[in-house]
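Commentary on secondary and tertiary structure
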There are 2 protein chains.
Amino acid sequence: MPTKNDKSYFSSNFTLGILGGGQLGKMMLYETRKFDIKTKVLDASDEAPCKIACNDFVKGDLMDYDTVIKFAEDVDVLTIEIENVNVDALEQLENKGKTVYPPTKALRTIQNKATQKLFYVDNGIPTADFSRFAYKSEIKDSIENGGLQFPFIWKAARFGYDGQGVKVVRKAEDLENLPSGECIAEKMIDFKNELAVIVCRSASGEVKTYPVVEMEFHPEANQVEYVICPARIDDKVAQKAQEVALKVSEKMKHVGLLAVELFQTKDDEILVNEVAPRPHNSGHYSIEASYTNQFEQHIRAILDLPLGDTQSKVAGIMVNLVGAEGHTGDVEYQNMRDILGLKGVTPHIYGKKQTRPFRKMGHVTIVNPDIAKAREIAQRVKETIKVISK
Amino acid sequence: MPTKNDKSYFSSNFTLGILGGGQLGKMMLYETRKFDIKTKVLDASDEAPCKIACNDFVKGDLMDYDTVIKFAEDVDVLTIEIENVNVDALEQLENKGKTVYPPTKALRTIQNKATQKLFYVDNGIPTADFSRFAYKSEIKDSIENGGLQFPFIWKAARFGYDGQGVKVVRKAEDLENLPSGECIAEKMIDFKNELAVIVCRSASGEVKTYPVVEMEFHPEANQVEYVICPARIDDKVAQKAQEVALKVSEKMKHVGLLAVELFQTKDDEILVNEVAPRPHNSGHYSIEASYTNQFEQHIRAILDLPLGDTQSKVAGIMVNLVGAEGHTGDVEYQNMRDILGLKGVTPHIYGKKQTRPFRKMGHVTIVNPDIAKAREIAQRVKETIKVISK
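Residues numbered from 1 in each chain as written. Chains lettered and ligands numbered in written order. Predicted model: local features only at pLDDT ≥ 70, side-chain atom pairs only at ≥ 80, totals over all residues. Heavy atoms only, no water.

1. Quick look at the overall build of chain A
Helix and strand counts for chain A stand at eleven helices and 21 strands. In terms of C-alpha radius of gyration, chain A reaches 21 Å, essentially the compact-globule figure of 21 Å for 390 residues. Along the first, second and third principal axes, the C-alpha atoms of chain A reach 60 × 50 × 45 Å. Considering chain A as a whole, with its 390 residues, one finds that 61% of them fall into the buried category. Put simply, 63% of the contacts in chain A that link residues at least 6 apart link residues at least 24 apart. (Helix = DSSP H or I, 4+ residues; strand = E, 2+ residues; numbered from the N terminus. Rg over C-alpha atoms; globule rule 2.2 N^0.38 Å. Buried < 20%, exposed > 50% of the residue type's maximum accessible area, 1.4 Å probe, protein only. Contact = heavy atoms within 4.5 Å.)

2. Notes on the interface of chain B and chain A
Taken together, the 51 residues of chain B in the interface contact 52 residues of chain A. Interface area, chain B with chain A, both sides summed: about 4300 Å², of which 53% is carbon and sulfur. Broken down residue by residue, the surface that chain B buries against chain A is led by B:R33, B:I52 and B:R337, which jointly contribute 18%. Here B:K343 and A:D309 are joined by a salt bridge, their closest N and O atoms 2.4 Å apart. Scanning the region where chain B abuts chain A turns up 20 residue pairs in polar contact (both at pLDDT 80 or more). Among the elements of the structure, helix 1 (23–34), helix 9 (294–302), strand 17 (329–334), helix 10 (336–340) and strand 18 (345–349) of chain B are those that each provide at least two residues to the side of chain B that touches chain A. The element best represented in the side of chain B that touches chain A is strand 18 of chain B, accounting for five residues. Residue composition of the side of chain B that touches chain A, by class: 23 nonpolar, eleven polar and 17 charged. (Buried area = accessible area lost by both parts, 1.4 Å probe. Salt bridge = Lys/Arg side-chain N within 4 Å of Asp/Glu carboxyl O. Polar contact = N/O pair within 3.5 Å; in protein donor to acceptor, adjacent residues only side chain to side chain. Nonpolar A, V, L, I, M, F, W, Y, C, P; charged D, E, K, R; others polar.)

3. Re helix 11 (residues 371–384) of chain B
Residue and element names in this part refer to chain B. With 14 residues, helix 11 extends 20 Å from end C-alpha to end C-alpha; this agrees with the ideal 20 Å at 1.5 Å per step. Within helix 11, burial applies to A374, R375, I377, A378 and V381. Buried residues along helix 11 sit in contact with strand 12 (213–217), strand 13 (224–229), strand 16 (315–322), helix 10, strand 18 and strand 20 (360–368). (Expected span 1.5 Å × (residues − 1).)

4. Quick word on the packing of helix 4 (residues 104–111) of chain A against helix 5 (residues 113–122) of chain A
All names here are of chain A. Closest axis-to-axis distance for the helix 4/helix 5 pair is 5 Å, and the angle between their directions is 110°. Taken together, the axes of helix 4 and helix 5 are roughly perpendicular relative to one another. The segment helix 4 lies against helix 5, with T109, I110 and Q111 engaging K113, T115, Q116 and F119. The class makeup of the residues in the contact of helix 4 with helix 5 is two nonpolar, four polar and one charged. (Axes fitted to C-alpha atoms, helices over the stretch in contact; angles between N-to-C directions. Parallel < 35°, antiparallel > 145°, perpendicular 65-115°, else oblique.)

5. Details of the relation of the copies chain B and chain A
When chain B is fitted to chain A, the residual RMSD is 0.1 Å, and the transformation amounts to a turn of 180° plus an axial shift of 0.0 Å. The superposition of one copy onto the other is thereby described by a two-fold rotation axis. No C-alpha of chain B lies nearer the rotation axis than that of B:A53, which sits 2.1 Å from it. A shared binding surface is used by both copies, with 100% of the interface residues of chain B retained as interface residues in chain A. (Least-squares fit on C-alpha atoms with pLDDT ≥ 70 in both.)

6. A few points about the state of the cysteines
Residues and elements named next belong to chain B. With the rule as written, the count across this model stands at zero disulfides over all chains. Here C54 is not cross-linked by a disulfide; its sulfur's nearest cysteine counterpart is in C50, at 6.4 Å. According to the relative accessible area criterion, C54 is buried, its value standing at 4%. (Disulfide = S-S within 2.5 Å.)

7. Points about the pattern of salt bridges
Residue and element names in this part refer to chain A. Scanning the model with the defined rule gives 46 salt bridges over all chains in all. As a salt-bridge pair, R132 and E182 come within 3.2 Å of each other at their nearest N and O atoms. Within this pair, whereas R132 is found in strand 6 (residues 130–133), its partner E182 is found in the loop between strand 8 (166–169) and strand 9 (183–187), the two being separated by 50 residues in sequence. The class for R132 is partly exposed, based on a relative accessible area of 43%. Where salt bridges share partners, they join K113, K117, K155, E186 and E274 into one cluster.

8. Section: the sheet that holds strand 5 (residues 99–100) of chain B
Strands in a sheet are paired, the pairing made by backbone hydrogen bonds, and the direction either parallel or antiparallel. Residues and elements named next belong to chain B. One open sheet holds the five strands; their spatial order is 3-2-1-4-5, and the pairing between them is parallel. Both edges of this open sheet fall to strand 3 (56–59) and strand 5, since each of them pairs with a single strand only. As defined by bridge partners, strand 2 (residues 38–43) adjoins strand 3 across four bridges and the pair is classed as parallel. The partner of K40 across the bridge, within strand 3, is D56. Taken strand by strand, helix 1 contacts strand 1 (15–19), strand 2 and strand 4 (77–80), and its axis lies near 175° from that of strand 1. (Pairing = 2+ DSSP bridges.)

9. Observations concerning the domain arrangement of chain A
Size of an interface, as often reported, equals the accessible area lost when the parts are brought together. Splitting chain A by domain gives domain 1 (15–100), domain 2 (129–187), domain 3 (190–313) and domain 4 (315–390). Each of domain 2 of chain A and domain 4 of chain A has a C-alpha centre, and the two are 33 Å apart. (Domains from an automatic or database assignment.)

10. Here's the deal with the packing of aromatic side chains
By the definition in use, this model includes seven aromatic pairs over all chains. Consider the rings of B:F150 and B:F152, whose centres lie 5.8 Å apart with planes at 10°: the pair is stacked. Over the face of the ring belonging to A:Y291 we find A:K313, whose NZ or CZ atom lies 6.0 Å from the ring centre. Sitting over the face of the ring of B:Y291, A:K343 holds its NZ or CZ atom 5.1 Å from the ring centroid. (Phe/Tyr/Trp six-rings, centres within 6.5 Å; stacked < 30°, edge-to-face > 60°. Lys NZ or Arg CZ within 6 Å of the ring centre and 35° of its normal.)

11. Quick notes on a positive patch on the surface
A cluster of basic residues, A:K105, A:K247, A:K251 and A:K253, forms a positive patch at the surface. Residue position: A:K253 is located in the loop between helix 7 (235–251) and strand 14 (256–265). (Patch = residues over 30% accessible without salt bridge, like charges linked within 9 Å, V, L, I, M, F, W, Y side chains within 5 Å. Areas by Shrake-Rupley, 256 points an atom, 1.4 Å probe, with all protein chains shown as cover. Lys, Arg positive; Asp, Glu negative; His and termini not counted. Charge placed at Lys NZ, Arg CZ, Asp CG, Glu CD.)

12. Quick notes on the UniProt feature "binding site: ATP" (unreviewed entry) in chain A
Residue and element names in this part refer to chain A. In the numbering adopted here, UniProt assigns the feature "binding site: ATP" (unreviewed entry) to K113, K155, E186, K187, M188, I189, E194, N273 and E274. In this structure, K187 sits in strand 9. Other than its neighbours up to four places away in sequence, K187 contacts A128 and D129. Mapped onto the secondary structure, E194 falls in strand 10 (residues 191–201). Relative accessible area serves as the criterion here: at 12%, E194 is assigned to the buried category. Discounting residues that sit within four places of it in the chain, E194 has contacts with V213, E214, M215, F217, L262, F263 and N273. (UniProt positions renumbered as here; feature names shortened; annotations may be inferred.)

Right, dumping it as structure tokens:
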């Protein structure tokens with residue numbers, strides 16, 4: 001644990017290690033650059049968006065124990081921008097006194113969706129009913145002996161990302177092309193809204209929550225299409241959502257950013273869907289809309305600096321830029337000029353060279369004092385820009 | 001001149017060249033990274049703040065003709081983050097069809113403060129009366145034969161930066177330690193306020209102005225201490241300031257950002273002090289306060305993209321972090337933690353390893369819906385943080 005002396009961060013002797021060099025890391029690096037904090041990034045790809053803006057880039061496998069141990073040798077604080085990392089290595093580093101945030105215990109709980117769901121149950125945190133299966137084959141048995149009814153949500157216990165590893169199962173055939181490993185079958189929730197709350201907690205326990213955001217998902221891709229801040233919901237519901245999110249963060253003894261995805265049911269109950277222990281797609285709007293964006297906040301939290309203001313300056317809506325269906329190959333952004341001509345529009349291009357259907361290639365933030373105006377412009381952005389292959 | 005096809009910018013085939021790798025370039029690179037625009041930077045120092053975030057860094061002398069010509073060979077658009085570059089090389093590149101913004105003609109006019117002043121006179125732009133001298137010795141003659149009276153402002157015609165090359169001359173002795181080269185003697189203006197207006201003009205002629213900002217200078221260092229947006233002045237005066245700034249930009253046929261520093265006289269006349277053809281210290285507040293910050297705006301303008309919204313989301317005040325007097329050596333930022341605990345405070349640390357008295361080491365932006373609150377907090381920031389040597 002570094003000393004609270006400013007010098008420990010704002011000096012050339014301090015290095016922050018980041019596991020993962022994708023878009024979340026890239027946006028985190030804007031903040032480390034702003035604070036002039038030295039960074040070292042580990043990623044398997046030479047084309048990782050983080051590669052050029054970090055002080056030290058190491059190419060290597062995030063899931064390889066020795067690679068992670070070796071990478072961390074000379075870093076003062078270690079964090080992640082993706083959950084799929086070797087948590088045994090992190091635990092070993094933590095046991096040896098290295099500062100690792102999120103804490104490995106929380107990361108272990110989150111990495112496995114079955115474990116995550118059990119955690120909610122054990123801690124009295126509302127979540128959708130589910131069954132856990134060691135193998136997909138067990139699902140069939142459970143259906144046959146009446147233990148499980150269609151429809152339900154199948155979720156792979158591990159390595160789900162960008163909506164992969166999640167599928168609505170309405171009939172037996174839907175199970176056919178799914179991986180056979182550990183998974184859960186979750187009751188389908190008849191919800192009014194999908195919401196998210198980002199909670200930040202610093203090493204010394206200061207806690208703040210961002211406003212509740214409202215998410216609109218792409219029907220097939222199960223990816224967020226719009227993130228709307230603030231959510232257009234009743235204050236009571238918003239307050240309940242924040243209370244539930246805070247409880248998750250507290251029970252997990254989390255440090256850093258925790259993005260809590262929630263369902264608002266038809267009868268205004270709040271259920272936890274899943275969480276991410278890092279800056280999150282549902283918080284990208286904060287770069288343009290919030291007093292302190294989620295990436296700076298994550299840095300403040302894990303370096304045990306005072307947390308920044310989580311309120312918004314203006315309403316913000318985020319549109320994900322995902323690869324168009326039927327396009328795979330060298331990426332091309334169509335009609336970028338047109339969206340740059342719209343009021344309050346900021347595109348973020350992650351710098352991935354190859355596009356494929358539904359791959360997250362970037363996002364666009366629309367800010368406006370009037371949320372209804374922002375929503376109109378967001379719609380136009382969505383309909384105008386296309387991410388295709390050359 | 002690149003085609004207006006989006007692909008010309010938002011593709012890996014396009015490279016933006018930047019002359020200078022200092023803090024302005026560093027902040028410009030946040031925006032090129034955001035848009036995933038490839039960059040190549042030229043700077044004389046291996047410790048240039050830009051070095052790690054650009055795609056290609058070249059170490060070399062900005063004032064060397066051949067170095068600049070060679071650097072520009074493979075860039076599509078060339079811009080600057082500092083005026084002190086070899087303008088003959090830029091002119092040669094421009095003549096050969098390279099896209100260079102700011103236009104070299106404007107840059108040549110601005111580079112030499114005597115030429116700059118004559119430009120204002122020739123174009124009917126209000127500015128303080130002045131005399132031009134080829135050598136400092138001519139000033140003495142002019143005083144002796146009564147052509148020039150004390151007090152006046154001495155300005156070196158070239159290479160002034162960060163308040164260097166400017167001095168108030170009240171008596172003959174004040175001239176003694178000044179360089180002997182080309183200079184101007186400017187009438188001291190009895191002003192109410194120092195103001196600034198940033199004008200952005202795109203290659204195809206779209207023009208926008210940022211709100212008028214109000215500047216408070218450090219008495220000795222002649223460096224800006226606070227930049228306050230919006231300026232707390234009468235609307236009529238603000239409108240006049242913007243009109244004068246627009247006229248300068250138009251007459252210079254400028255492309256990119258032009259920061260116009262102005263005096264508001266006791267009788268509410270607006271006089272042009274000087275201009276900078278690039279993002280400017282007086283626009284740093286825009287990163288946190290504006291819909292489109294000045295660095296993104298400069299990129300939009302020189303790439304001939306639609307200009308963004310120049311309005312503010314909230315009031316913004318900037319405090320320069322300059323090296324404390326009596327401190328030279330490895331920099332240390334004191335009480336950073338304390339200012340991070342204040343509402344709406346964002347420090348920007350430029351990453352210069354060595355501090356010296358009055359050197360610009362960073363800046364802090366304070367944003368707040370209430371400008372009076374922002375001013376209070378700015379004062380506390382100013383009184384709390386210290387830039388010293390270890």
